[in-house]
Amino acid sequence: AQSVAQPEDQVNVAEGNPLTVKCTYSVSGNPYLFWYVQYPNRGLQFLLKYITGDNLVKGSYGFEAEFNKSQTSFHLKKPSALVSDSALYFCAVRDNRHNDMRFGAGTRLTVKP
Amino acid sequence: DAMVIQNPRYQVTQFGKPVTLSCSQTLNHNVMYWYQQKSSQAPKLLFHYYDKDFNNEADTPDNFQSRRPNTSFCFLDIRSPGLGDAAMYLCATSRGDRGAYNEQFFGPGTRLTVL
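(A) Just the overall build of chain A, in detail. The secondary structure content of chain A amounts to zero helices and 12 strands. Listed N to C, the secondary structure of chain A is β-β-β-β-β-β-β-β-β-β-β-β in terms of helices and strands. When each of the 113 residues of chain A is scored for burial, the buried share is 47%. Within chain A, contacts between residues separated by at least 24 positions form 57% of all contacts whose residues are at least 6 apart in sequence. Roughly 5300 Å² of accessible area belongs to chain A as shown, and the carbon and sulfur atoms make up 47% of that amount. One way to put it: in chain A the 12 positive side-chain charges average out to a point 4 Å from where the 9 negative ones average out.

Spelled out as structure tokens, the structure:
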């Protein structure tokens, strides 16, 4: 079965500092990994995905994520956090055998001025 | 702009009174999904349509049904809402050619309150 884990419920960073939101995954086939962001009372917005190729994936709003096969991780990063990045972040995984996507429990990011 | 639209944004119903939530899309995606999300938890997949092919999750209660009359529209019917069904319901679409790498596009959600 495919699954993802987001070990931190909450991440707090100061504006201008780098941020990392952690994600680890478990799949039986090749992993396809996604990050989504959710603002209050809104749907999820796609940020970036890893399918194959370069392990460093760049996405929307200056976010990037690094795929690490040996550690089965796909951490979300941003070099310099903005207050407007404060939101709920979800990691998700699909494998090449299933048509559905499994989401992690979410990490609430708070960026303080 | 191409998008996923959900109506209404907020729905209040009474315990046991049937309710229908609607989703429409202008993306011309062939896969549509319904998720239930409670209190900032992970979205939980209820079912999805791959074209007209309906796929129900094993743990989705029988109280939840869905209809997809055409490519653009999909409905979620809750036959007898209980207090535990109060949640945000998210509709999503993706371009599917049985490829697992296509991201999903989400609507803004419908927040359901059950009195």
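Picking up where we left off.
(B) Here's a closer look at the environment of Ala92 of chain B. Residue and element names in this part refer to chain B. By the element assignment, Ala92 lies in strand S9 (residues 87-94). Judged by its relative accessible area of 0%, Ala92 falls in the buried class. In this structure, the C-alpha to C-alpha distance between Ala92 and Phe75, residues 17 residues apart in sequence, is 12 Å. Not counting residues up to four positions away in its chain, the partners in contact with Ala92 are Val31, Met32, Tyr33, Tyr35, Gln104, Phe105 and Phe106.

(C) Seen up close, the sheet that holds strand S1 (residues 4-7) of chain B. Residue and element names in this part refer to chain B. A sheet is described by the order of its strands in space; here four strands give the open sequence S1-S3-S8-S7, paired in antiparallel fashion. Whereas interior strands pair on both sides, the edge strands pair on one side only; in this sheet they are S1 and strand S7 (64-67). Put simply, the sheet's adjacent strands are angled 20 degrees from each other on average, direction ignored.

(D) Representation of the pairing of strand S2 (residues 10-14) of chain A. Residues and elements named next belong to chain A. Burial of S2 is one-sided: the residues Val11 and Val13 facing one way are buried, the residues Gln10, Asn12 and Ala14 facing the other way are not. As paired elements, S2 and strand S12 (residues 107-112) share five bridges and run parallel to each other. The partner of Ala14 across the bridge, within S12, is Lys112.

(E) Representation of the interface of chain B and chain A within the structure. Taken together, the contact between chain B and chain A spans 26 residues of the former and 25 residues of the latter. Summed over both sides, the interface between chain B and chain A buries roughly 1900 Å², with carbon and sulfur atoms accounting for 51% of that surface. Here chain B and chain A share two salt bridges between them. Between Arg102 of chain A and Glu57 of chain B there is a salt bridge, with the nearest N and O atoms lying 3.2 Å from each other. If you look at where chain B meets chain A, you find eight residue pairs in polar contact (both at pLDDT 80 or more).

Thresholds, definitions, all that
- Residues numbered from 1 in each chain as written.
- Chains lettered and ligands numbered in written order.
- Predicted model: local features only at pLDDT ≥ 70, side-chain atom pairs only at ≥ 80, totals over all residues.
- Heavy atoms only, no water.
- Helix = DSSP H or I, 4+ residues; strand = E, 2+ residues; numbered from the N terminus.
- Buried < 20%, exposed > 50% of the residue type's maximum accessible area, 1.4 Å probe, protein only.
- Contact = heavy atoms within 4.5 Å.
- Areas by Shrake-Rupley, 256 points an atom, 1.4 Å probe, with all protein chains shown as cover.
- Lys, Arg positive; Asp, Glu negative; His and termini not counted.
- Charge placed at Lys NZ, Arg CZ, Asp CG, Glu CD.
- Pairing = 2+ DSSP bridges.
- Axes fitted to C-alpha atoms, helices over the stretch in contact; angles between N-to-C directions.
- Buried area = accessible area lost by both parts, 1.4 Å probe.
- Salt bridge = Lys/Arg side-chain N within 4 Å of Asp/Glu carboxyl O.
- Polar contact = N/O pair within 3.5 Å; in protein donor to acceptor, adjacent residues only side chain to side chain.

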